[in-house]
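Overview (structure and organization)
Residue-level listing of the chains:
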Amino acid sequence: MIQKFRDTQSKWLNIEVKHDVPALNVVLVKVQRRVTNVDSEPKNKENVICSKIGGLREGSSEAAEEDERHVHKYSDFQRHGFLAYILQTSGTTGTPKIVRVPHQCIVPNIQHLRTIFKVSSDDVIFMASPLTFDPSVVEMFVALCSGATLLIIPPVIKMMPKRLANVLFNQHKVSIMQATPTLIKRFGPEVLTSVVLSASTSLRVLAVGGEAFPSLNVLKSWRGEGNKTEIFNLYGITEVSSWATYYKIPEESLCSATPLHEECVPLGFPLLGTVLDVVDNSGQVIHEGKGQVFIGGKERVCLLDNEKAVCPGTMRATGDWVIVKDGHMYYIGREDNQIKRHGKRVNLERIQQVAESLKQVEVSVVAKYDQVKLILFVVPKGIPKLRKGETTNFCRDILLDLEKSLSSHEIPDHVVEIDSVPLTTHGKVDRTTLIQIYEEQAKAKKSDCIVGRKELWEGIQRLWKVVLSLPDDFPDVSENCMFLYNGGDSLKALRLTEEIETFLGQTLIGLTEVILNGSVLDIYNHIANIFFEATNKEDIDKNYRKRKRIKDESAGSQPKWNENQLSTATISNITTISRGSHIMKLKIAENCPHLKEGKELMDPELNGKKREEDYSFKLSENMNAKILENEKMSDKNSYLESTVNKVIEPPDHAGMFIPEVCVVSSRRVTFKVRWKSDTAKCVDASPLVVISGDNDSDGTVYIGSHSHRIQAIDLLSGRIRWERILGDRIESSACISRCGNFIIVGCYDGSVCVLRVSDGQTYWIFWTEDSVKSSPVMDSDLGLVFVGSHDQHLYALDIPGKVCAWKLYCGGGAVFSTPCLNKSPRRLYIATLGESLVAVNPDTRSVVWKHFCGKPLFSSPQCTVQNVFVGCVDGSLQCFSHNGDQLWQFSTGGPIFTSPCICRFSPTSQKIICGSHDCFVYCLDEVGSLMWKFETSRQVYAVPFVFTNYNLDNRTLVAVISTDGNLWLLAAATGELVTSYSLPGKVFSSPVLWKEALIVGCRNNFVYCLEMFASEQENNFG
């Protein structure tokens, strides 16, 4: 072995055997570094293949010239002595890779760190890393080339923190230690402050790397008073072995009182020969902002897996994301350590840092389970192993403290107390073992499940307290208590659902909805009806026999109803107005026959799966070629005829305002607030206005909010008629069913909620597999409602029948936009974030054509008799024929997220008005020629609304809102400014107008109704 070592390392090292002790199987070797030129070029230049440096610098002529000047033939990896070592990555951040490391890559690392740490022959360096972890190479050779002592400890001693500390610092006086944060934390606070980082410690340099660096708050807790150890943050990846950057923590930072948000430690400065770039999502190198780190250098190149050749200067993607600020890189986390919960990104490292700042936590680890569930593993600080009841209180206190610093979507689902953090052989956190611990605990809970009725009531009471972090001795809640009025929210409702399902060992469909909108008694009854197949609660206590729902009248966020209010209101005529100037007029002939008076509206089988097959057969039987020809449905369509009401057939210009010839106006338009309604959070959804009653006397605005609320607001007075809190935030705009009795709206939790128009009660909830941001649209011919989902499907829902008639996979990419239904030819258009516009025959469910647009489509398609239009993120407005031929595209100066609006100036003359993120509004004719454009103060996200103002000589105007809240009223024919108004917040909602009222949502949490006034003035508008 010694001879083999001498043969392979003789170019770099002088190796001399000094002592051989066969009895102990020990050989003492003197090793000295040879003087060599690490920058020398390999001699063998044959069979050279130089790969092109990747997309980081692609397109840069300067970079290409630089690469050409410095290209070395770097493929002779088989030459004797070229490679220093070969190892495999741990796989903790991805698929394990074989890494072949040349001497020229690792030697600069060793040389520079030796200088930074000021290593001398007096130092004792602890070899904390195993030979399979590349920092061990740095530890060994920094010691060897400096004449320092290298201390190697048996692995079993490393597992005993107190004994390890004694061996390192009391017996061998270790002066330099390089280790992962997890390994250091295992010493515990007492040993760290009294031995490892005490005032009298032998440790001169502590280099921390291999994992996310701890916060300054944690570092301060490690140090004993008077400690002078220099602490370094090291960062690097095995693929560019070993370290890439270093940062010495200033002494003043460790002594000062630093606020929590300033605790992040920079990654620091590049080591010798190392180049770092930060690249954003568009592939551009940035100097400020968020991006991914790429590491490389002229000689800092390794060969991965089966690579035969790599050019010097090749940059390797790290998968690590940073924020560049004031010339420093601050680690955010790995992309694979971020998950999306309820529409928001969650960074696991941040949760861990906040948890470890708590006084009762010594060490913590956050792990993801089933991709969306967060588990916090905690080692208590200075507390002996907790008993069962104490563990419950400890975990509850942790969650309460986390709620003070974290958003609701960042709060872990469970806290698990552990004795110590399990480690891999590389000294990193063993997350696989942690997940096994959690699964064993969850299995133990399920095995103890008791299914008695009395135990169910007691279990609900107990879990109610656990989820709401109430003390165990807190009095039982009364049967009328509402979850949301006692500190609950939608995330806690999901957790309560999961806890109850774990307790019972059974999935309970619809439970979350009941928790959010019902009382404790309602929760019990819902579970009992499913779990015990009974309709009434047994006699647990006399107080629990009461069946009438009692509601706190002060709680305005819930609908007011009782069991006698279930009859359907009859409406004779209704008109709906929605974003983009869409008008629909319906005539309601009779009550919807599907409501069951005196019975629960919520269908236990939420998705109606048992009837789907039967419905599909009847639907296909009734849809024939006559529908495609816009002929009336035949008498044989008895199934559909019995479930829908007749619709007033609109003229050709339905949904569009046809202006008269442009007349010069001498009247000035102004706005004032008629009313505003507080929704508690941002309002990005657009309003749906429903007009009914004699002479259109009754108007209602339906609109959702990020607060999970949907409100029904009286258009005239602003009085809230009813309010519901759904399962998650709402960005989808509502539509009305053909029978006029239901409002349909999508939700971030993946649900499509069908609510009663009269009182907001839930009639049906249909669940998709991902968030629903798409706004539903109703087919006035068949009564079906079409809606897209982020699960990449389009759904056709029969609302009265509570059935999904069919669903269609849209070919990849979430469906964010609103589907557009064209009557002739009968087409349903769907735009996807998968960069495609899809045309579907809604009657045969077949894809007629599909066009790949090259960039995601957030814009909703809009149709005229001849064409279909859609905006694209690449900044183009694209026009297609109904046969799928692209006719033209018009390029703006920024991405288009808004949807086009169609303005009809005559039965044969139509204009397309569309906003862009370049801050302009454009008006085009049907052949793509620019008619006019208007510059706003910010980007335009909202859909324009075209309308006729009868107080301005019947002029046709267009309302446009920019994202900064400025409302612009323009002449539709010329684009001239008529008036403007500023809302007190950002606006992503689209305006809707009815007569003199303009309704729009705002990000200051309010829905506004602005009233238009016209007065005489001297100025004229052309």
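Cut-offs and rules
- Residues numbered from 1 in each chain as written.
- Predicted model: local features only at pLDDT ≥ 70, side-chain atom pairs only at ≥ 80, totals over all residues.
- Heavy atoms only, no water.
- Helix = DSSP H or I, 4+ residues; strand = E, 2+ residues; numbered from the N terminus.
- Buried < 20%, exposed > 50% of the residue type's maximum accessible area, 1.4 Å probe, protein only.
- Areas by Shrake-Rupley, 256 points an atom, 1.4 Å probe, with all protein chains shown as cover.
- Phe/Tyr/Trp six-rings, centres within 6.5 Å; stacked < 30°, edge-to-face > 60°.
- Lys NZ or Arg CZ within 6 Å of the ring centre and 35° of its normal.
- pLDDT = per-residue confidence, 0-100.
- Contact = heavy atoms within 4.5 Å.
- Salt bridge = Lys/Arg side-chain N within 4 Å of Asp/Glu carboxyl O.
- Patch = residues over 30% accessible without salt bridge, like charges linked within 9 Å, V, L, I, M, F, W, Y side chains within 5 Å.
- Axes fitted to C-alpha atoms, helices over the stretch in contact; angles between N-to-C directions.
- Parallel < 35°, antiparallel > 145°, perpendicular 65-115°, else oblique.
- Left-handed = near helix turned anticlockwise from the far one by under 90°.
- Nonpolar A, V, L, I, M, F, W, Y, C, P; charged D, E, K, R; others polar.
- Pairing = 2+ DSSP bridges.

What to know about the overall build of the protein
- Of regular secondary structure, the protein possesses 20 helices and 55 strands.
- Per-residue burial for the protein yields a buried fraction of 55% across its 1022 residues.
- About 44,800 Å² of surface is accessible on the protein, with carbon and sulfur atoms providing 50% of the total.

Section: the packing of aromatic side chains
- Under the criterion given, the structure shown has 23 aromatic pairs.
- Between Phe 766 and Tyr 795, the aromatic rings sit 5.2 Å apart at their centres with planes inclined by 65 degrees, giving edge-to-face as the arrangement. Taken as a pair, Phe 766 in strand β32 (residues 762-767) and Tyr 795 in strand β35 (residues 793-798) lie far apart in primary sequence, 29 residues in all.
- The exposure class assigned to Phe 766 is buried, which follows from its relative accessible area of 3%.
- An angle of 65 degrees between the planes, with centres 5.1 Å apart, marks the rings of Tyr 941 and Phe 988 as edge-to-face. Remark: Phe 988 occurs in the loop between β52 (977-982) and β53 (992-994) and Tyr 941 occurs in the loop between β48 (930-935) and β49 (945-949); sequence separation between them is 47 residues.
- Taking the relative accessible area as the measure of exposure, Tyr 941 reaches 22% and is therefore partly exposed.
- Among the aromatic residues, those joined into a ring-pair cluster are Phe 816, Phe 858, Phe 897, Tyr 941 and Phe 988.
- Note that Lys 676 overlies the ring of Phe 1006, its terminal NZ or CZ placed 4.7 Å from the centroid.

Quick look at the confidence of the model for the protein
- Considering every residue of the protein, the mean pLDDT works out to 78; 76% of them sit at 70 or more.
- Contacts of residues 36-75 to residues separated by more than four positions or lying in other chains number 57 contacts, the stretch itself having pLDDT below 50.
- Overall, residues 1018-1022 carries pLDDT values under 50, and its contacts beyond four positions in sequence, including any with other chains, amount to 15 contacts.

Looking at the pattern of salt bridges
- Under the definition given, this model contains 19 salt bridges.
- Its salt-bridge partner being Glu 723, residue Arg 709 comes within 3.6 Å of it at the nearest N-O pair. Here Glu 723 lies in strand β28 (residues 720-725) and Arg 709 lies in strand β27 (residues 709-714), a separation of 14 residues in the sequence.
- What you see here is one network of salt bridges that share partners, running through Asp 779, Asp 781, Lys 823, Arg 826 and Asp 843.

Re a nonpolar patch on the surface
- Taken together, the side chains of Val 156, Met 159 and Met 160 define a hydrophobic patch exposed on the protein surface, amounting to about 280 Å² of accessible area.
- With respect to the helices and strands, Met 160 occurs in the loop between α5 (155-158) and α6 (161-171).

Considerations on the packing of helix α14 (residues 453-467) against helix α17 (residues 520-531)
- Two numbers describe how α14 lies on α17: the axes approach to 11 Å, and their chain directions differ by 135 degrees. Here α14 lies oblique to α17, going by the angle between them. Crossing handedness for the pair α14 and α17: right-handed. The segment α14 lies against α17, with Arg 453, Leu 456, Trp 457, Ile 460, Gln 461 and Trp 464 engaging Val 520, Leu 521, Ile 523, Tyr 524, Ile 527 and Ala 528.
- Residue composition of the contact of α14 with α17, by class: 10 nonpolar, 1 polar and 1 charged.

A short note on the sheet that holds strand β42 (residues 867-871)
- Across the sheet, 4 strands lie side by side as β41-β42-β43-β44; this open sheet has antiparallel pairing. The open sheet has two free edges, formed respectively by β41 (862-863) and β44 (886-891), since each of these has just one partner strand.
- The pairing of β41 with β42 spans 2 bridges and is classified as antiparallel. From the neighbouring strand, Gln 862 faces β42, where its bridge partner is Phe 869.

Topic: the sheet that holds strand β30 (residues 742-746)
- On the basis of which strands lie adjacent, the open sheet formed by 4 strands has the order β29-β30-β31-β32 and antiparallel pairing. Strands with a single pairing partner mark the edges of an open sheet, and in this sheet they are β29 (735-736) and β32.
- Of the pairings in the sheet, the one linking β30 to strand β31 (residues 751-756) comprises 5 bridges and is antiparallel in character. Looking at β31, one finds that Val 745 is bridged to Cys 753.

Here's the deal with the packing of helix α3 (residues 103-116) against helix α4 (residues 135-144)
- Two numbers describe how α3 lies on α4: the axes approach to 9 Å, and their chain directions differ by 60 degrees. With respect to their mutual orientation, α3 and α4 come out oblique. α3 and α4 meet at a crossing whose hand is right-handed. Residues Ile 106, Asn 109, Ile 110, Leu 113 and Arg 114 of α3 pack against Val 137, Val 138, Phe 141 and Val 142 of α4.
- Classifying every residue of the contact of α3 with α4 gives 7 nonpolar, 1 polar and 1 charged.

Examining the environment of Cys 914
- As for its position among the elements, Cys 914 is in strand β46 (residues 909-915).
- When its relative accessible area of 4% is taken as the criterion, Cys 914 is described as buried.
- Separated by 10 residues in the primary sequence, Cys 914 and Leu 924 have C-alpha atoms spaced 8.5 Å apart.
- Setting aside residues no more than four positions away along its own chain, Cys 914 makes contact with Leu 877, Ile 896, Thr 898, Ser 899, Pro 900, Phe 920, Val 921 and Tyr 922.

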